[in-house]
Amino acid sequence: MKKMGRLVLGVSGVLTLWGSAWAGDAERLLMATTTSTEATGFLDALAPKVKEVLNIDLQWVATGTGKALELGKRCDADLLLVHAPDVEEAYVQQGYGINRRRLMFNDFVVVGPSEDPARVKNCSIEEAMRRIAGSGAPFVSRGDASGTHVKEKELWRAAGFGNEFAYPGYIETGQGQMATLDIAAQRRAYALTDRATFIKFGQDPSRAASLRVLVEGGEVLINRYSLITVRPEKCPKVRAAAAEKFTDWMVGPQGQAFIEAFRVGGKAVFFPDAQGPQ
Amino acid sequence: MGFLVDAFLKAIHLILRGDPATYSALATTVYVSTVSLAASLLMGIPAGFLLGYVSFPGRRMLRTLVDTLLSLPTVLIGLLVYGLLTRRGPLGRFELLFTVHAIVIGQALLALPIVTALTASAVEALDGRLRVTLLSLGAGPVRRFATSLREARYGVLAAAVTAYGRVLTEVGIAIMVGGNIKWHTRTLTTAIALETNKGDFAAGIALGAILLLLASGVNAILYGLRKRA
């Protein structure tokens, strides 16, 4: 019996050691974020650096911006990295978030088949949206309240279409950006995408030929990513100190330099944005 | 075709090179599926036995209910467990959301109706004379339970194998309440979903091959058990 007890003690001791080695003594920080930061490998590259410099164990749940904000509202994350400025402002105003800081940007582009049936190449974005809908050409939407979907609806509105927008060629995938691009390629359809995911998409040569960037440029297509800390007054368990430490570092020179240096297949996909007007 | 060959080579590479992220996902998968299966067996075998062996009012209805629960979609279980475990939910203070424990709870709920229904079927299919014989020999309830269960062991084993296959391959629960967090709650299936999102289909299929390898290993062990039983 004594032997048995010792065995149990030994095994549990080893397990505890293993457990603590696994978790480390770093402080855990749970971020809810959007699919593009994960699919590009950005967070995979960032996490070890954050561990080394800040001793923070950065963990993340990647989903659309809409669900990320919802996770924040329900106190299920400490920090949000999202990209839908209008929705974010409302979120902070409703008292769910604090310390919203601009972090980085890239841009949205309209992609489509190279034969360009709606003839949108080099059009303004408003004109392009009107031509796509007018020609009835297929358009693939995320349809998932993600940052890109929010932007897409904004673009339809700006082009003079209503809120409840749909036409026969319009399909909603309800999936991440990469899956949506794949569907666009298969259906020879147009789609709105963030450039980072599109660069990643184009790394596979068999798919690179299927979709082209047709409309780009202009302030309206800028895609801004921000950090928001979940408000501790609403959610007492939030690791606010770690979130603040992380946010300060990310918007500081080192974090911004890290963003600038990050590459996907030799191309920059995110650009530092913390220095501009907040 | 080249695509599949690529994937196969990648699978071998991931295993042999000892890719730590793959092994972490593999370990998480083994852990959550084993613990959730054990929990569902512990509850499901007695429940299934009662359902198949004892007659009581409302038994038919209960049986139909359990059969209906066999069609519970994993995303719905995920959503229900999320509602329970969110910090704003009734069990929020235990802070289980986005941990392996959350996945275990969800997968146990997924496996429970399978174990219960298949155990009940196995017990119902027993030779009716067994019960009469046991009664006439004066066996007590515990003895009758043990002996009947022993006679139904192949059916119960089949229930366990089926339930294991289900929890091993599900992705809806793991992604919703586990969160697919690297090194922590990423399982093989959520890793496949992620590789697909990244557009790395070959890596996704490679992980799928590893999952199948794991399943065949488990089934080989269970088959060995069956031969000895």
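Residues numbered from 1 in each chain as written. Chains lettered and ligands numbered in written order. Predicted model: local features only at pLDDT ≥ 70, side-chain atom pairs only at ≥ 80, totals over all residues.

### Some details on the overall build of chain A
To be explicit about the condition: Secondary structure elements are defined from DSSP: runs of H or I of at least 4 residues count as helices, runs of E of at least 2 residues count as strands, and each element is numbered from the N terminus. Exposure is read from a count of other C-beta atoms within 10 Å of each residue's own; the residue is exposed at 12 or fewer, buried at 20 or more and partly exposed in between. C-beta atoms are placed from the backbone. For the purpose of contact definition, each residue receives a C-beta atom placed from its backbone, and two residues are in contact when these atoms lie within 7 Å.
Looking only at helices and strands, chain A features twelve helices and twelve strands. For chain A, buried positions account for 44% of its 278 residues. Nonlocal contacts in chain A, meaning residues at least 24 apart in sequence, comprise 78% of its contacts between residues at least 6 apart.

### Let's talk about the overall build of chain B
When its secondary structure is counted, chain B shows eleven helices and zero strands. Starting at the N terminus, the α and β elements of chain B follow one another as α-α-α-α-α-α-α-α-α-α-α. Evaluated residue by residue, chain B yields a buried proportion of 41% over its 229 residues. Considering only contacts in chain B between residues 6 or more positions apart, those separated by 24 or more positions represent 78%.

### Quick notes on the nonpolar core
Just so we agree on the cut-off: Put simply, a nonpolar core is a cluster of buried Ala, Val, Leu, Ile, Met, Phe, Trp, Tyr and Cys residues tied together by C-beta atoms within 7 Å.
Grouped together as the largest cluster of nonpolar side chains are 134 residues, with contacts concentrated most on A:M31, A:L80 and B:V115. Broken down by element, this core gets its largest block of residues, 16 residues, from helix α5 (residues 100-124) of chain B. Setting aside its immediate chain neighbours within four residues, A:L80 contacts A:M31, A:A32, A:T33, A:A68, A:L69, A:G72, A:G97, A:I228 and A:V230.

### Observations concerning the environment of B:T99
All names here are of chain B. Residue placement: T99 occurs in the loop between α4 (74-85) and α5. For T99, a count of 18 C-beta atoms within 10 Å gives the class partly exposed. With 31 residues separating them along the chain, T99 and T68 place their C-alpha atoms 29 Å apart.

### A few points about helix α1 (residues 2-17) of chain B
Side chains that are three or four residues apart share a direction in an α-helix, a result of its 3.6 residues per turn. Residue and element names in this part refer to chain B. Stated formally: Given a helix with a known number of residues, its expected span is that number minus one, times 1.5 Å.
For α1, spanning 16 residues, the distance from its first C-alpha to its last is 22 Å, which sits close to the expected 22 Å at 1.5 Å a residue. Taken across its 16 residues, α1 has one buried, putting it largely on the surface. Count one or two residues on from α1 and you reach G18, which has phi positive near 70 degrees.

### Here's the deal with the interface of chain B and chain A
Worth spelling out the cut-off: As a working rule, the residues Ala, Val, Leu, Ile, Met, Phe, Trp, Tyr, Cys and Pro are called nonpolar, Asp, Glu, Lys and Arg charged, and the rest polar, with Gly in that last group.
The partner chain A presents 17 residues to the twelve residues of chain B that form the contact. A breakdown of the residues in the side of chain B that touches chain A according to their chemical character gives three nonpolar, six polar and three charged.

### Overview of the confidence of the model for chain B
Residue and element names in this part refer to chain B. The line we're drawing: Per-residue confidence from the predictor is given as pLDDT, running between 0 and 100.
Across chain B, the average pLDDT comes to 91, with 99% of residues at or above 70. No element of chain B has a lower mean pLDDT than α1, which averages 81, and none a higher one than α5, which averages 97. Scoring of the predicted complex yields 0.85 for pTM and 0.80 for ipTM.

### Here's the deal with the domain arrangement of chain A
Residue and element names in this part refer to chain A. Stated formally: Domain start and stop points were drawn from an automatic or database domain assignment.
What the domain assignment lists for chain A is domain 1 (25-105 + 224-272) and domain 2 (107-221). Of note, the centres of domain 1 and domain 2, computed from C-alpha atoms alone, are 26 Å apart. Counting residues at the interface gives 17 residues for domain 1 and 15 residues for domain 2. Mapped onto the side of domain 1 that touches domain 2, the elements with two or more residues apiece are α2 (35-39) and α4 (65-73).

### Side note on the packing of helix α11 (residues 240-251) of chain A against helix α12 (residues 253-261) of chain A
Residues and elements named next belong to chain A. Formally: For every element, the axis is a line fit to its C-alpha atoms; helices are fit only across the contacting stretch, and the angle between N-to-C directions ranges from 0 to 180 degrees. Roughly parallel means an angle under 35 degrees; roughly antiparallel means over 145; roughly perpendicular covers 65 to 115; every other angle is labelled oblique.
Where α11 meets α12, the axes come as close as 4 Å, and the angle between the chain directions of the two elements is 60 degrees. The angle between α11 and α12 falls in the class oblique. Along the contact surface, α11 presents W249, M250 and V251, while α12 presents Q254, G255 and Q256.

### Focus on α4(B)
All names here are of chain B. Operational definition: Think of it as the arc spanned by the lines of direction from the helix axis to the C-beta atoms.
Along its twelve residues, α4 runs 16 Å from first to last C-alpha, staying within 8% of the 16 Å computed at 1.5 Å per residue. Here α4 has its buried residues at T74, I77, G78, V81, Y82 and L85. Buried residues of α4 fall within an arc of 140 degrees about the axis and therefore sit on the same side. If you follow the buried residues of α4, they end up packed against α5 and α9 (172-178).

### Quick notes on unusual backbone geometry
Residues and elements named next belong to chain A. Positive phi, close to 55 degrees, is recorded for N55, a residue that is not glycine. Locating N55 in the fold gives a position in the loop between α3 (42-54) and β2 (56-62). Judged by the 13 C-beta atoms lying within 10 Å of it, N55 falls in the partly exposed class.

### Remarks on the confidence of the model for chain A
Residue and element names in this part refer to chain A. For chain A, mean pLDDT is 88; residues scoring 70 or higher make up 90% of the total. Within chain A, no element has a lower average pLDDT than helix α1 (residues 2-23), which sits at 44, and none a higher one than strand β3 (residues 79-82), at 97. Within the model, the stretch residues 1-23 combines pLDDT values under 50 with zero contacts to residues more than four positions away or in other chains.

### Overview of the packing of helix α3 (residues 59-69) of chain B against α5(B)
All names here are of chain B. Rule in force here: Each crossing is labelled by how the near helix is turned from the far one, with a counterclockwise turn of less than a right angle marking it left-handed and a clockwise turn marking it right-handed.
Contact geometry for α3 and α5: axes closest at 8 Å, N-to-C directions at 130 degrees. Here α3 is positioned oblique relative to α5, judged by the angle of their axes. By crossing handedness, the relation of α3 to α5 is classed as left-handed. In this structure, α3 contributes R63, V66, D67 and L69 to the contact, and α5 contributes P113, T116, A117 and A120.

### Considering the pairing of strand β4 (residues 97-112) of chain A
Residue and element names in this part refer to chain A. Applied cut-off: Any two strands between which DSSP finds at least two bridges are classified as paired.
Pairing between β4 and strand β9 (residues 222-230): eight bridges, direction antiparallel. Bridge pairing links F105 to R224 in β9. As judged from the two bridges shared by β4 and strand β12 (residues 271-272), these two strands associate in the antiparallel manner. Bridge pairing links M104 to P272 in β12. Bridging between β4 and strand β7 (residues 190-194) involves four bridges; their strand directions are antiparallel. Bridge pairing in β7 places F108 opposite D194. Examined bridge by bridge, β4 and strand β8 (residues 212-215) share three bridges and lie antiparallel to one another. When the bridges of β8 are listed, G112 appears paired with R212.

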